[in-house]
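This is what each chain is made of:
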Amino acid sequence: QVGQESKWRLANTRSIQEAAKEFNIELIFDDADQSQEKQIAAIRRFIKEKVDVIVVSPVVETGWDQVLKEAKAAGIPVVMSDRKVVTREKDLTTTYIGADFLEEGRRAMRWIRDNISPGKEKMNILELKGNKGASPTEERGKGFAEVLKECPEYQIIYSEYGDFTYEGGKEVVEQYLQSHDWDVDIIYAHNDDMALGAIETLEQHGISPGTDVKIISVDGTEDAFHAMVAGKLNCA
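Residues numbered from 1 in each chain as written. Predicted model: local features only at pLDDT ≥ 70, side-chain atom pairs only at ≥ 80, totals over all residues. Heavy atoms only, no water.

(A) Molecular detail of the nonpolar core. Of all hydrophobic cores here, the largest spans 24 residues; its most connected members are Leu126, Leu128, Ile187, Leu202, Ile215 and Leu233. Where this core is concerned, the elements lending two or more residues are β4 (123–129), α6 (166–179), β6 (186–189), α7 (192–204) and α8 (222–229). Here the element with the most residues in this core is α7; it accounts for six residues. In contact with leucine 202, other than residues within four places in its own chain, are Val173, Trp182, Ile187, Ile207, Pro209, Val213 and Ile215. (Core = buried A, V, L, I, M, F, W, Y, C linked by side-chain atoms within 4.5 Å. Buried < 20%, exposed > 50% of the residue type's maximum accessible area, 1.4 Å probe, protein only. Helix = DSSP H or I, 4+ residues; strand = E, 2+ residues; numbered from the N terminus. Contact = heavy atoms within 4.5 Å.)

Right, dumping it as structure tokens:
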């Protein structure tokens, strides 16, 4: 597992552990704490232990070729869970189980286009990105940009990595407030935790989230639903 950066990730881990019990699978679980080195070391340990299947939620997309070749040579199938890898050789992994991140990004921008009518010539968007090099970050950004191209009334004026964490969301918005006059109409967060962190910072500065600034995020966690009910988050 990549780590425990968000409420979604904690729920994902719990789900995997519950499913393993349900299907009577012996689950050897390793939390890499956002470190690719730890993930590679864990995969090599699993190969030595001659496990039947290796499941990885990779911290970043690239840099996996060598260890995946080792797993393939050992005849152990590798399944990508929630995040993807990009490899030079084909067929180093068995399959990918997860969301269509490009489509999530497109849906976020479509929702903005269809639900937030431009109140001025250009609507300003602040983008809270996940961690650098991770497939959800890359693709949620690309999918969003794809639809944004067709919508000249909207523009991204600031884009920064918040690492999918609550603290990261808080910090990026705080940094923007310290260095700019507040001119943001919309916040697009690559996950709920960053959006919820942003909401806290906005409220501390007397800006009403959901009203003064519209907020769109991805994941659909329980906390996000509570924020939507409270009118602080506009869409997840």
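Having seen the structure, we can now continue with the description.
(B) Quick look at the sheet that holds strand β3 (residues 95–97). With respect to topology, three strands assemble into an open sheet ordered β1-β2-β3, the strand pairing being parallel. The open sheet is flanked by β1 (54–56) and β3, the only strands paired with a single partner. Between one strand axis and the next, the sheet turns through 25° on average, direction left out of account. Across three bridges, the pairing between strand β2 (residues 78–81) and β3 is parallel. By the bridge assignment for β3, serine 81 is matched with isoleucine 97. (Pairing = 2+ DSSP bridges. Axes fitted to C-alpha atoms, helices over the stretch in contact; angles between N-to-C directions.)

(C) The side chain of asparagine 191, seen in detail. With respect to the element layout, asparagine 191 can be found in the loop between β6 and α7. Classification of asparagine 191 as buried rests on a relative accessible area of 1%.

(D) Representation of the pairing of β2 within the structure. Burial of β2 is two-sided: the residues Val78 and Met80 facing one way and the residues Val79 and Ser81 facing the other way are all buried. Here three bridges tie β1 to β2, and the two strands are oriented parallel to one another. The partner of valine 56 across the bridge, within β2, is methionine 80. With respect to chirality, the unit in which β1 leads through helix α3 (residues 65–73) into the neighbouring parallel β2 is right-handed. (Right-handed = clockwise from strand over helix to strand, strands pointing away.)

(E) Looking closely at the packing of helix α4 (residues 101–115) against helix α5 (residues 135–148). The geometry of α4 relative to α5 is characterised by a closest axis approach of 6 Å and an angle of 40° between their N-to-C directions. With respect to α5, the element α4 is oriented oblique. The two elements α4 and α5 meet at a crossing, and its hand is right-handed. Residues Phe101, Leu102, Glu104, Gly105, Arg106, Ala108, Met109, Arg110, Ile112 and Arg113 of α4 lie in contact with α5, whose contacting residues are Ser135, Pro136, Glu139, Arg140, Lys142, Gly143, Phe144, Glu146, Val147 and Leu148. Class assignment of the residues belonging to the contact of α4 with α5 gives a composition of nine nonpolar, three polar and eight charged. (Parallel < 35°, antiparallel > 145°, perpendicular 65-115°, else oblique. Left-handed = near helix turned anticlockwise from the far one by under 90°. Nonpolar A, V, L, I, M, F, W, Y, C, P; charged D, E, K, R; others polar.)

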